[in-house]
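Coordinates in review
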Amino acid sequence: PESGEDDPYTRDVFHRLCQWDLVATDLVPLVVQYQDDSDVVYNALKVLTFLTMPVDPESDDLHVQCRELARIKDCFLANDAVAVIVGLLSRPLSRYPRLSEKDILVVQLVLTFVRNLLCVDSAA
């Protein structure tokens, strides 16, 4: 992988961030505490979307990755943070059909994140 990317098979960055419990200790509290600051929520969402990308079935430690994704999903659902993320759609969608480039990016990111959460098997 290029610098700044996580190897899709070993997912070393993913595992390290999960070890640090970054989602529960930092990202979800940021989203909930600063829900009125769309820039903070948007930037947290970029990291969260990266962390929740579906697991490659050929990757290492498949079971561990699935378990960590289930923890991330549960953390989000327990803190009503999903509502804050979905709330990011209100401004861009209010401008439909005249969406700016930034509006389109926000909509794509939110929908990708929601898709990622829906793909997580909570029974993992």
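Up top is the structure these notes are about.
We now turn to the structure provided with this report. Bear in mind the structure is a predicted one, so any value in this text is a computation, not a measurement. (Residues numbered from 1 in each chain as written. Predicted model: local features only at pLDDT ≥ 70, side-chain atom pairs only at ≥ 80, totals over all residues. Heavy atoms only, no water.)

Next up on the list: the packing of helix H3 (residues 38-51) against helix H7 (residues 101-119). Angle between the axes and distance between the axes: these two values describe a pair of packed helices. Two elements in contact, H3 and H7, have axes whose closest approach is 10 Å; the angle formed by their N-to-C orientations is 45°. Accordingly, the angle class assigned to the pair H3 and H7 is oblique. For the pair H3 and H7, the sense of crossing is left-handed. For the pair formed by H3 and H7, the contact residues are Tyr 42, Leu 45, Lys 46, Leu 48 and Thr 49 on the first element and Lys 102, Leu 105, Val 106, Leu 109, Val 110, Thr 112, Phe 113 and Asn 116 on the second. Considered class by class, the residues forming the contact of H3 with H7 number 8 nonpolar, 3 polar and 2 charged. (Axes fitted to C-alpha atoms, helices over the stretch in contact; angles between N-to-C directions. Helix = DSSP H or I, 4+ residues; strand = E, 2+ residues; numbered from the N terminus. Parallel < 35°, antiparallel > 145°, perpendicular 65-115°, else oblique. Left-handed = near helix turned anticlockwise from the far one by under 90°. Contact = heavy atoms within 4.5 Å. Nonpolar A, V, L, I, M, F, W, Y, C, P; charged D, E, K, R; others polar.)

Here the residue pair Tyr 96 and Pro 97 is connected by a cis peptide bond, since its omega of 10° sits within 30 degrees of zero. Although it is not a glycine, Asp 21 adopts a positive phi angle of roughly 55°. With respect to the helices and strands, Asp 21 occurs in the loop between helix H1 (12-19) and helix H2 (22-33).

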